[in-house]
Amino acid sequence: MAKGRTTVFFCQNCGYESPKWMGQCPGCREWNTFVEETVEKKSAGKAREERKAAAAPVCLSSIEMKEEERVSAGIEELDRVLGGGIVPGSLVLVGGDPGIGKSTLLLQVCQKLSGAGHEVLYISGEESLKQIKLRAARIGEFSDKLRLLCETNLDVVQDTIRELKPEAVIIDSIQTMYHENVSSAPGSVSQVREATSVLLQLAKGLGITIFIVGHVTKEGTVAGPRVLEHMVDTVLYFEGDRHASYRILRAVKNRFGSTNEIGVFEMRENGLAEVENPSEFMLNGRPEAASGSIVACSMEGTRPILLEIQALVTRSPLAMPRRTAAGMDYNRVNLLLAVLEKRLRLSLSNSDVYINIAGGIRISEPAIDLGVVLAVVSSARDKAIDEKVLAFGEVGLSGEVRAVSQAAGRVLEAKKLGFTTVILPEVCREQIGKVEGIRLCGVRTVADAVGVIL
Ligand code: TYD
Ligand code: MG
């Protein structure tokens, strides 16, 4: 091996570095993700030579503040997730499973930005110009301000960006880009990191917004987007069931805004369409007068989203009854079932319990606890809950129903969608007072809540 080179092993999932191969990654606990890569070691003298004139430290007060201008992406749901629009000079990572719609979303961003008169460059390392044209034809009309390039060599990409100086660049995808100075294969941790650091310098140096597409991969041969989360300004993940038509865009990290907001899209024949009223969309196709179903409310950033919680409790032939949770934390479901056993004396030890949040959305907010509990009781007793009833509240270990944030916003959303009764924590009801046209039932314990509707 050439002097100054060593090999190290990188976890392709999280980027953990190790001098030896390991079966399980100590960082992310994934198995079989280590791949050997050659890295170049720079001597201290050489590194110093390469270093440019260092900037001198400055005082905080001497930094000029410009009003942060944001550029609208032309897609409201995306603007919301970005924290109010695109910040020029930022590096945005868009991650997601293959085929979820990342290229489609970014091509639509290109369409809107170029249509608004901004110079945009779309660099694809995955598809040919013809394939991009085919996709674009489905989406609609494009302005000539958008330029396309099929390239995977990072030096060429860099030169093109420096020459054209567009306002926004899309790199689709980072796993296809390679730097000639790095000897490992495209898609490996060292390549992906090197490519991102080059793009970071371009974005910051020239004030260009760069969107990077990163595939989430299951097998360990290609580095996932997690290894570069710390390098970029904003990390967005595109998620959703591939078989369902809607997609959710979620910010995992954002240096320019909050990370609670989500954007909801629907995949149609002509690209992604924004879903303005996600609650209505989520409640589509609700069964009528079926036991084990209730609507709950979760806050996603500033927006309340109503969703149907379904529970199915059936007699189990197994010694160890089955419990599954789709769309929420499995351990949380077990905890809630334990609360029911102990506080309501509901015997579930001979029953399989399946919990599903309809529509395939994943919710982590504890405000849906009360909904889950009521759905389980409804299914266990085989009694349907009135379909105009909505419930929210966190359930504690002693069976108490605890307050949640922004209760008023949730109640208003319920009213807007035609619900007539809301079951909520008593503390929240006291805060809200009365709301015209909707009955508010404040409850202190799970037993109270069950008493009100079943
Ligand atoms: P794509 O953007 O290629 O996914 P990614 O870049 O994340 O891998 O999305 C591909 C899927 O979207 C594909 O299954 C077809 C579907 N699609 C539509 O349903 N309608 C459309 O208008 C387009 C362009 C794609
Ligand atoms: Mg793609």
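Draft legend 1. Region of interest: the overall build of the protein chain. A count of helices and strands for the protein chain gives 12 helices and 21 strands. Overall size of the protein chain, expressed as C-alpha extent along the three principal axes, is 75 × 50 × 50 Å. Contacts in the protein chain between residues far apart in sequence, at least 24 positions, make up 67% of those at least 6 positions apart. Looking at the protein chain as shown, the accessible area adds up to about 22,200 Å², and 49% of this sits on carbon and sulfur atoms. Separation of charge centres in the protein chain, based on 54 positive and 57 negative side chains, amounts to 5 Å.

Draft legend 2. Representation of the site of ligand 1. Around ligand 1 sit 15 residues, and of these S103, T104, R268, E269 and G271 come closest. The separation between an oxygen atom of ligand 1 and a polar main-chain atom of G99 is 2.7 Å. In the environment of ligand 1, a nitrogen atom lies 3.1 Å from a nitrogen or oxygen atom belonging to the side chain of R138. Burial of ligand 1 by the surrounding chains reaches 76%, relative to a free accessible area of 560 Å². No other element matches the 3 residues that helix α3 (residues 102-115) contributes to the shell around ligand 1. Split by residue class, the shell around ligand 1 holds 3 nonpolar, 6 polar and 6 charged.

Draft legend 3. Quick look at the packing of helix α8 (residues 330-343) against helix α9 (residues 369-380). One way to put it is that α8 packs onto α9 with a least axis distance of 10 Å and a crossing angle of 60°. It follows that α8 is oblique to α9 by the angle criterion. In the packing of α8 onto α9, the handedness of the crossing is right-handed. The residues of α9 that touch α8, namely those facing R332, L336, L337 and L340, are D369, V372, V373, V376 and V377. Its residues assigned to classes, the contact of α8 with α9 shows 7 nonpolar, no polar and 2 charged.

Draft legend 4. Looking closely at the side chain of D79. Within the element layout of this structure, D79 appears in helix α2 (residues 76-82). With residues near it in sequence (within four places) discarded, D79 still touches V71, S72, A73, G74, G84 and G85.

Draft legend 5. Layout of the sheet that holds strand β9 (residues 234-239). Here we have 9 strands laid out as an open sheet, ordered β6-β5-β7-β8-β4-β9-β10-β11-β12, and mixed in their pairing. Whereas interior strands pair on both sides, the edge strands pair on one side only; in this sheet they are β6 (146-150) and β12 (271-274). On average, each strand axis in the sheet is inclined to that of its neighbour by 25°, with strand direction left out of account. In terms of strand pairing, strand β4 (residues 91-96) meets β9 through 5 bridges, oriented parallel. Each bridged residue has a counterpart across the sheet, and for V94 the counterpart in β9 is L236. Docked against the sheet, helix α4 (residues 129-139) engages β5 (120-124), β6 and β12, running at close to 145° with respect to β6. Along the sheet face, helix α5 (residues 154-164) touches β5, β6 and β7 (168-172) and points at about 170° away from the line of β5.

Draft legend 6. Main features of the pattern of salt bridges. Applying the stated criterion to the full structure yields 15 salt bridges. Salt-bridge contacts for E119 lead to R147; the nearest nitrogen and oxygen are separated by 3.2 Å. Of this pair, E119 sits in the loop between α3 and β5 while R147 sits in strand β6, and the two are 28 residues apart along the sequence. In this structure E119 comes out as partly exposed when scored by relative accessible area, which is 26%. R147 sits in the partly exposed class, given a relative accessible area of 39%. Of the charged contacts in the structure, one is a salt bridge between D369 and R332, with a shortest N-O distance of 2.4 Å. Linking D369 in helix α9 with R332 in helix α8, this pair joins segments that are 37 residues apart in sequence. Judged by its relative accessible area of 1%, D369 falls in the buried class.

Draft legend 7. Highlighting the packing of aromatic side chains. What the rule picks out here adds up to 3 aromatic pairs. Pairing Y16 with F34 gives two aromatic rings, centres 6.4 Å apart and planes at 90°, and the pair type is edge-to-face. Residue Y16 is located in the loop between β1 (5-11) and β2 (17-18), and its partner F34 is located in strand β3 (residues 34-40); the two are separated by 18 residues in the primary sequence. Residues Y246 and F281 carry aromatic rings whose centres are separated by 6.2 Å and whose planes lie at 80° to one another, so their mutual orientation is edge-to-face. In this pair, Y246 is assigned in strand β10 (residues 246-254) and F281 in helix α7 (residues 278-282), connecting sequence segments 35 residues apart. The buried category is assigned to Y246, whose relative accessible area is 5%. Sitting over the ring of F392, R410 keeps its end group 5.5 Å from the ring centre.

Draft legend 8. Highlighting the pairing of β12. Note that strand β11 (residues 262-268) and β12 share 4 bridges and pair antiparallel. Looking at the pairing, F265 lines up with E274 of β12. Between the end of β11 and the start of β12, which pair antiparallel, lie 2 residues.

Draft legend 9. Quick look at the pairing of strand β16 (residues 351-357). β16 sits mainly inside the fold: 5 of its 7 residues count as buried. As defined by bridge partners, strand β14 (residues 303-315) adjoins β16 across 7 bridges and the pair is classed as antiparallel. Looking at β16, one finds that A311 is bridged to I355. Bridging between strand β15 (residues 323-326) and β16 involves 4 bridges; their strand directions are parallel. Bridge pairing links T324 to Y354 in β16.

What counts, and at which threshold
Residues numbered from 1 in each chain as written. Chains lettered and ligands numbered in written order. Predicted model: local features only at pLDDT ≥ 70, side-chain atom pairs only at ≥ 80, totals over all residues. Heavy atoms only, no water. Helix = DSSP H or I, 4+ residues; strand = E, 2+ residues; numbered from the N terminus. Contact = heavy atoms within 4.5 Å. Areas by Shrake-Rupley, 256 points an atom, 1.4 Å probe, with all protein chains shown as cover. Lys, Arg positive; Asp, Glu negative; His and termini not counted. Charge placed at Lys NZ, Arg CZ, Asp CG, Glu CD. Near = heavy atom within 4 Å. Polar contact = N/O pair within 3.5 Å; in protein donor to acceptor, adjacent residues only side chain to side chain. Nonpolar A, V, L, I, M, F, W, Y, C, P; charged D, E, K, R; others polar. Axes fitted to C-alpha atoms, helices over the stretch in contact; angles between N-to-C directions. Parallel < 35°, antiparallel > 145°, perpendicular 65-115°, else oblique. Left-handed = near helix turned anticlockwise from the far one by under 90°. Pairing = 2+ DSSP bridges. Salt bridge = Lys/Arg side-chain N within 4 Å of Asp/Glu carboxyl O. Buried < 20%, exposed > 50% of the residue type's maximum accessible area, 1.4 Å probe, protein only. Phe/Tyr/Trp six-rings, centres within 6.5 Å; stacked < 30°, edge-to-face > 60°. Lys NZ or Arg CZ within 6 Å of the ring centre and 35° of its normal.

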